[in-house]
Amino acid sequence: MAHKYMPHSDEDIRQMLDKIGVDTIEDLYQDVPSEVIFKDEYQIPSAMSEVELRKHFRQLAEKNKELVVFGGCGAYDHYSPSVISHLLSRSEFYTAYTPYQPEISQGTLQYIFEYQSMISELTGLEATNASMYDGATAAAEAMFMLVSSAKKKNRVLISSTINDNVRKVVDTYTKFHGIELTVIPEKEGVTDLEALYSELEKGDVAGVMLPEPNKYGIIEDFTGLADRIHASKGFLAIYADPSTLAVLRSPGEWGADVACGDGQSLGMPLSFGGPYLGFISCSKSMLRKMPGRIVGATKDIDGKRGFVLTLQAREQHIRREKATSNICSNQSLMALYATIYLSLLGDKGLKEVNKLCCDGAHYLYHKLLETGKFQKVYDKPFLKEFVVKTDLDMDRINRHLIENGFMGGILLEDNRVEFAVTEKRTKEEIDKLVDLMISYGELQ
């Protein structure tokens, strides 16, 4: 019986080499410089029994050091209810693929529909797609939506107060699509609106992208801004932290046409930096410009409720050069994660999470200022993340914190440090963080 995926025999290899007219396998690599070809034996360990293998991986896992996290900058240590991982690991979810065939995919289609409904409620916009790879690529796709919706304009304004990693990804996408990206400077920690209005007056702006909250954790005020942008025939996108939208004004309430962001704050583990879950929501008028898949509710011939993929542009499957977007992979499993998380917490629970984050962040902020070793940088409202300034050697202090089981603040330029506090952080942990930093700083 033939086993086509088993290793080839020497005779199999000889027949293949004869067929293509070479003597040895090495002849296939004759164009590769010999100095870059690995010639030693591979350091592959010998086989292990199941008991030995389990022990080996336990020893490897013990090398990981779990820290009490006070860092943020786009990835936050929120609580993950244990029931989520149990539901997610069910085989019908864990192995599900894109639900092209609604007859056999009603479960997958339904949870995507529920996900879309929940994100739309948070963003205050009418439609949401079936999720994207991560927040940064969702922002890039949102930028394309702005340009494709504007008439004969290819310039987009983006605030410098958007997360730097996100802004860099957006910039990379512009270079190969003929889009001009203009960065609006910051002023006292927020978007310089006067500079933004000056750019709008040039009349060539397709859209504007702004953060909520911004990269310093500050909650910016966009009152009346959407009207100014729309009056110039442009569109507004807001890059938002979805968890905070339970208590902050939604992008829809700001008058945004598009909302995008990363769903990691919806209880997803840090996972060494992602990737997580990108989302895009939009107004009904921009629905045809939105990439990815959209699940719609309908009825079958018997009048029973059902779900289908809907409003798909055919060229996204057969004419790539004409497509709105060629992103075909979506984090559906992570969309299910967000769906379960939001359904477990509900409106009241999500507000409670934000209250705990806010209380903890402001407690840490005032504790740091009281030491006299940290100074205020921005006198602006914040929710769970903030920036302070210090003359302490934070590089050395952060190494000291790691040795004591803590991840400290993220170092920025000009001796600034950014801290984030989630609902998982206790008063005792906050007090210990401050004590460790000050006591060690005084020894320097």
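Quantities reported herein were computed from a predicted structural model and do not represent experimental measurements. (Residues numbered from 1 in each chain as written. Predicted model: local features only at pLDDT ≥ 70, side-chain atom pairs only at ≥ 80, totals over all residues. Heavy atoms only, no water.)

When its secondary structure is counted, the chain shows 14 helices and 17 strands. Overall, the C-alpha framework of the chain stretches about 75 × 65 × 50 Å when taken along its three principal axes. In the chain, buried positions account for 46% of the 444 residues. If you take every contact in the chain between residues at least 6 apart in sequence, the share linking residues at least 24 apart comes to 71%. By element, 52% of the accessible surface of the chain is carried by carbon and sulfur atoms, the whole surface being about 24600 Å². A gap of 5 Å separates the mean positions of the 50 positive and 64 negative side-chain charges of the chain. (Helix = DSSP H or I, 4+ residues; strand = E, 2+ residues; numbered from the N terminus. Buried < 20%, exposed > 50% of the residue type's maximum accessible area, 1.4 Å probe, protein only. Contact = heavy atoms within 4.5 Å. Areas by Shrake-Rupley, 256 points an atom, 1.4 Å probe, with all protein chains shown as cover. Lys, Arg positive; Asp, Glu negative; His and termini not counted. Charge placed at Lys NZ, Arg CZ, Asp CG, Glu CD.)

One pass over the structure, following the stated rule, counts 12 aromatic pairs. Arranged with centres 5.1 Å apart and planes meeting at 35 degrees, the rings of Tyr216 and Tyr378 form a pair that is tilted. Note that Tyr216 is positioned in the loop between strand 7 (205-212) and helix 9 (225-231) and Tyr378 in the loop between strand 13 (374-376) and strand 14 (385-390), a separation of 162 residues in sequence. Pair check on accessibility: Tyr216 and Tyr378 agree, each one buried. Geometrically, the ring pair formed by Tyr365 and Phe382 is edge-to-face, given 5.2 Å between the ring centres and 65 degrees between the ring planes. In this pair, Tyr365 sits in helix 12 (residues 332-370) while Phe382 sits in the loop between strand 13 and strand 14, placing the two residues 17 residues apart along the sequence. (Phe/Tyr/Trp six-rings, centres within 6.5 Å; stacked < 30°, edge-to-face > 60°.)

Attention now goes to the side chain of Ser105. As for its position among the elements, Ser105 is in the loop between helix 4 (91-94) and helix 5 (106-123). Residue Ser105 is classed as buried on the basis of its relative accessible area of 12%. A polar contact of 2.9 Å, which involves the side chain of Ser105, links it to the backbone oxygen of Gln101. (Polar contact = N/O pair within 3.5 Å; in protein donor to acceptor, adjacent residues only side chain to side chain.)

Another point: the nonpolar core. By size, the foremost hydrophobic cluster in this structure holds 49 residues, and its most contacted members are Leu196, Leu200, Val208 and Leu236. Where this core is concerned, the elements lending two or more residues are helix 3 (82-88), helix 5, helix 8 (193-200), strand 7, helix 9, strand 8 (235-240), strand 12 (305-310) and helix 12. Looking at this core element by element, the count peaks at 10 residues for helix 12. Setting aside anything within four residues of it in sequence, one finds Val208 in contact with Leu146, Leu157, Leu196, Leu200, Ile229, Phe235, Leu236 and Ala237. Core analysis: the second largest hydrophobic core is formed by 32 residues, Met143, Met145, Val147 and Ile162 among them. (Core = buried A, V, L, I, M, F, W, Y, C linked by side-chain atoms within 4.5 Å.)

Further remarks concern the sheet that holds strand 13. Strand order in this open sheet of four strands is 13-14-17-16, and the pairing throughout is antiparallel. A strand with exactly one partner marks an edge of an open sheet, and here the two such strands are strand 13 and strand 16 (410-411). Against the sheet, helix 12 makes contact with strand 13, strand 14 and strand 17 (416-420), and its axis sits at roughly 10 degrees relative to strand 14, the strand it touches most. (Pairing = 2+ DSSP bridges. Axes fitted to C-alpha atoms, helices over the stretch in contact; angles between N-to-C directions.)

Attention now moves to the packing of helix 6 (residues 135-149) against helix 7 (residues 164-175). Two elements in contact, helix 6 and helix 7, have axes whose closest approach is 8 Å; the angle formed by their N-to-C orientations is 45 degrees. Here helix 6 lies oblique to helix 7, going by the angle between them. Note that helix 6 runs across helix 7; the crossing there is right-handed. Judged by residue contacts, Ala136, Thr137, Ala139, Ala140, Glu141, Met143 and Phe144 of helix 6 engage Val166, Val169, Val170, Tyr173 and Thr174 from helix 7. Tallied by class, the residues present in the contact of helix 6 with helix 7 amount to nine nonpolar, two polar and one charged. (Parallel < 35°, antiparallel > 145°, perpendicular 65-115°, else oblique. Left-handed = near helix turned anticlockwise from the far one by under 90°. Nonpolar A, V, L, I, M, F, W, Y, C, P; charged D, E, K, R; others polar.)

What follows deals with the sheet that holds strand 2 (residues 127-128). A sheet is described by the order of its strands in space; here seven strands give the open sequence 2-10-9-8-7-3-4, paired in mixed fashion. A strand with exactly one partner marks an edge of an open sheet, and here the two such strands are strand 2 and strand 4 (180-184). Bridge analysis of strand 3 (residues 155-159) against strand 4 gives five bridges, and the strand direction is parallel. The residue of strand 4 that forms the bridge with Leu157 is Thr182. Together, strand 3, strand 4 and strand 8 form the strand contacts of helix 7, whose direction differs from that of strand 4 by roughly 155 degrees.

This next bit is on the environment of Glu403. Assignment of secondary structure puts Glu403 in helix 13 (residues 394-403). Each C-alpha atom of the pair Glu403 and Leu67 lies 9.4 Å from the other, and the pair is 336 residues apart in sequence.

What follows concerns a nonpolar patch on the surface. Residues Ile20, Ile25, Leu28, Tyr29, Val32, Val36 and Ile37 make up a contiguous nonpolar surface patch of about 630 Å² in total accessible area. Secondary-structure assignment places Ile20 in helix 1 (residues 10-20). On the accessibility criterion, Ile20 (53% relative accessible area) is exposed. (Patch = residues over 30% accessible without salt bridge, like charges linked within 9 Å, V, L, I, M, F, W, Y side chains within 5 Å. Salt bridge = Lys/Arg side-chain N within 4 Å of Asp/Glu carboxyl O.)

The element strand 17 is extensively covered by neighbouring structure, given that five of its five residues are classed as buried. Neither face of strand 17 is open: one carries Arg416, Glu418 and Ala420, the other Val417 and Phe419, and all of them are buried. Sheet topology note: the strand 14/strand 17 ladder contains five bridges and is antiparallel. If you follow Lys389 over to strand 17, its bridge partner there is Arg416.

Time to look at the packing of helix 5 against helix 12. Here helix 5 crosses helix 12 at 50 degrees, and the two axes come no closer than 9 Å. It follows that helix 5 is oblique to helix 12 by the angle criterion. At the point where helix 5 passes helix 12, the crossing takes the left-handed sense. On the side of helix 5, the interface is formed by Thr108, Tyr111, Ile112, Glu114, Tyr115, Met118, Ile119 and Leu122, while helix 12 contributes Ser332, Leu333, Ala335, Leu336, Ala338, Thr339, Leu342, Ser343 and Leu350.

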